[in-house]
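The chain contents come next:
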Amino acid sequence: KFDQWRSSSLLPLPRPRQDTGASHMNLSHSVAMETQNPGRTHQGSEATSSGAQPKERDAVLELFNSVTTWYLPEQKGKGQLDAKTYLQGNLAVVFFFQSWCKGCHIFAQQGLKPLAEEFKNEPRVRFVAIQTVFEGFKENTPEKAKEFQLEHNFEFPVGHDGPLDVSKLPEEVRATLMAQLPHKDELPSSMMVKVGTRGTPWALILAPNQQKGGKMEVLFSGFRFDWTKVRNMFRRRLETMSKEQKRLEETRELGEVQRTCGQPKQEAKQT
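Residue indices follow the written sequence of each chain, beginning from 1 at its first position. Local features are withheld for residues below a pLDDT of 70 in this predicted model, meaning they are given only at 70 or higher, and side-chain atom pairs are given and counted only at 80 or more; totals for whole chains, interfaces and linings count all residues. Calculation of side-chain values draws on the structure's entire complement of heavy atoms; hydrogens and water are dropped beforehand.

S.K.: Help me understand the pairing of strand E5 (residues 158-161), please; the structure alone is not making it clear to me.
M.R.: Along any regular strand the residues' side chains alternate between the sheet's two faces. The buried label applies to any residue whose accessible area, calculated with a 1.4 Å probe on protein chains only, is under 20% of its type's maximum; exposed applies above 50%, and partly exposed to all values in between. In this description a helix means any DSSP run of H or I spanning at least four residues, a strand means any run of E spanning at least two, and both kinds are numbered starting from the N terminus. Neither face of E5 is exposed, since Val158 and His160 on one face and Gly159 and Asp161 on the opposite face are all buried. Any two strands with at least two DSSP-identified bridges between them are counted as paired. Note: strand E1 (residues 69-71) against E5, three bridges, orientation antiparallel. Bridge assignment links Trp70 to a residue of E5, and that residue is Gly159. Note: strand E4 (residues 125-132) against E5, four bridges, orientation parallel. Paired with Thr132 across the two strands is Asp161, which belongs to E5. A right-handed crossover is one whose linking path, passing over the helix from the first strand to the second, runs clockwise when the strands point away from the viewer. For the handedness criterion, the β-α-β arrangement of E4, helix H7 (residues 142-151) and E5 is classed as right-handed.

This is the structure:
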């Protein structure tokens, strides 16, 4: 019941290849699929593979509704972030961490920070870090998320995701989830449960799918990053986005010329 609820009501995620026996998806496989099938979510979702129409809502961006605590680099205290506006239509890396996680600090310093520095002047590439707590609740606090941002000098938003609101879940789903939790009185991050991450560090790579009206899709979900492949993939995607934008501008200009040239003839006919 829990798996059915998560797969039907939330976002489709890339799945590991079944023939490898691995529990996590390799980015090299993800990038290969992205190259062969640009603009597609890898393997799709259960909801669309059977021929059903995709949902109108942008399920990926709706995930960020649960994050109510944000720290922005230009502010000392808590700030406000419209994550939907910030991410919509852009390439994005969403980094999930816990402040006491040593691997998260390594991931941030050796991979994420250099990548963010490289694309900091590119407005079509966005970065977000979110603390998704599932253990050490007294240590991994919102204040620690801010300290994490300052320690690594992140020049992008950092959030802290609150616990999952189980009261809104179907009864069968709630019972299954509560039976699996090690801490009955401390619920894990809402986004962690919804995305299906299996710890920290973890990251998502998001991109707009123009064939689906610009809705955001997940290109990769996991922790085994090859930063060179991520960098190259972003460059290819940016080039494609630039060509698409130029084509749209040329189409608009042509339409305007056609309307302008056609106007005198209409006036002459009326006279």
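Next, the rest of the story.
S.K.: Looking at this structure, how should I read the side chain of Ser66?
M.R.: Structurally, Ser66 is set in the loop between helix H4 (59-62) and E1. Among the residues examined, Ser66 registers a relative accessible area of 19% and is labelled buried. Contact partners of Ser66, with chain neighbours within four places excluded, come to Asp161, Gly162, Ser190 and Met191. In this description, contact between two residues means that some pair of their heavy atoms is separated by no more than 4.5 Å.

S.K.: Quick question: what am I supposed to make of unusual backbone geometry here?
M.R.: Most of the time, phi is negative for any residue but glycine, and the peptide bond is trans. Here the bond from Thr200 into Pro201 is cis, since omega is 0 degrees, no more than 30 degrees from zero. A positive phi is found at Asn153, a non-glycine position, where the angle reads about 55 degrees. Following the sequence through the fold, Asn153 ends up in the loop between H7 and E5.

S.K.: Looking at this model, I keep getting lost on the nonpolar core. Mind explaining?
M.R.: Side chains of nonpolar character tend, in soluble globular proteins, to be buried together. The criterion is simple. A nonpolar core is a set of buried Ala, Val, Leu, Ile, Met, Phe, Trp, Tyr and Cys residues joined through side-chain atoms within 4.5 Å. The biggest cluster of nonpolar side chains holds 54 residues, and the ones touching the most others in it are Phe64, Phe95, Phe127, Ile130, Leu206 and Phe234. For this core, the element with the most residues is strand E3 (residues 91-97), which contributes seven residues. In this structure, Leu206 is in contact with Val60, Phe64, Asn90, Leu91, Ala92, Val94, Met216, Glu217 and Val218, ignoring residues within four places of it in sequence. Counting seven residues, the second-largest nonpolar core is a separate cluster that includes Leu164, Val166, Leu177 and Leu187.

S.K.: Looking at this model, I keep getting lost on the pairing of E3. Mind explaining?
M.R.: Most of E3 sits out of view: seven of its seven residues are buried. Burial along E3 is two-sided: the residues Leu91, Val93, Phe95 and Phe97 and Ala92, Val94 and Phe96 are all buried. Relative to E4, E3 is paired through seven bridges, and the arrangement is parallel. Its bridge partner being in E4, Val94 is matched across the sheet by Val128. Inspection of the sheet shows E3 paired to strand E6 (residues 202-209) by five bridges, in the antiparallel sense.

S.K.: Honestly, the sheet that holds E4 in this entry has me stumped. Any pointers?
M.R.: Here seven strands make up an open sheet; going across it, the order is E2-E1-E5-E4-E3-E6-E7 and the pairing mixed. Unpaired on one side and paired on the other, strand E2 (78-79) and strand E7 (215-222) mark the two borders of the sheet. In this structure, E6 lies alongside E7, joined through seven bridges in antiparallel fashion. In the strand pairing of E7, Ala203 is matched with Gly222. Throughout, an axis means a line fitted to C-alpha atoms (over the contacting stretch in the case of helices), and angles, computed between N-to-C directions, take values from 0 to 180 degrees. Each of E3, E4 and E6 touches helix H6 (residues 102-118); the most contacted strand, E3, lies at about 165 degrees to it. Its contacts with the sheet place H7 against E1, E3, E4 and E5, and it is angled at close to 25 degrees to E1.

S.K.: I tried to follow the packing of aromatic side chains on my own but got confused; where do I start?
M.R.: Pairs of aromatic rings are described using the distance from one ring centre to the other and the angle between the two planes. Stacked, tilted and edge-to-face are the three classes assigned to paired rings of Phe, Tyr and Trp, where Trp is represented by its six-membered ring and a pair needs centres within 6.5 Å; plane angles under 30 degrees give stacked, over 60 edge-to-face, the rest tilted. Within this structure, the stated rule accounts for 13 aromatic pairs. For the ring pair Phe119 and Phe234, a centre distance of 5.7 Å and an interplane angle of 70 degrees mean the geometry is edge-to-face. Taken as a pair, Phe119 in the loop between H6 and E4 and Phe234 in helix H10 (residues 227-270) lie far apart in primary sequence, 115 residues in all. Phe234 shares its class with Phe119; the two are buried. A centroid spacing of 5.9 Å and a plane angle of 35 degrees characterise the contact between Phe127 and Phe156, whose relative ring orientation is tilted. Taken together, the residues span a long stretch of sequence, with Phe127 in strand E4 and Phe156 in the loop between H7 and E5 at a distance of 29 residues. Per residue, the accessibility class of Phe127 equals that of Phe156, and both read buried. Aromatic rings pair up to connect Phe95, Phe97, Phe107, Phe127, Phe148, Phe154, Phe156, Phe220, Phe225 and Trp227 into one cluster. The aromatic ring of Tyr86 is capped on one face by Arg126, whose charged end is 4.8 Å from the ring centroid. A ring has a charge above it when a Lys NZ or an Arg CZ is no more than 6 Å from the ring centre and no more than 35 degrees off the ring normal.

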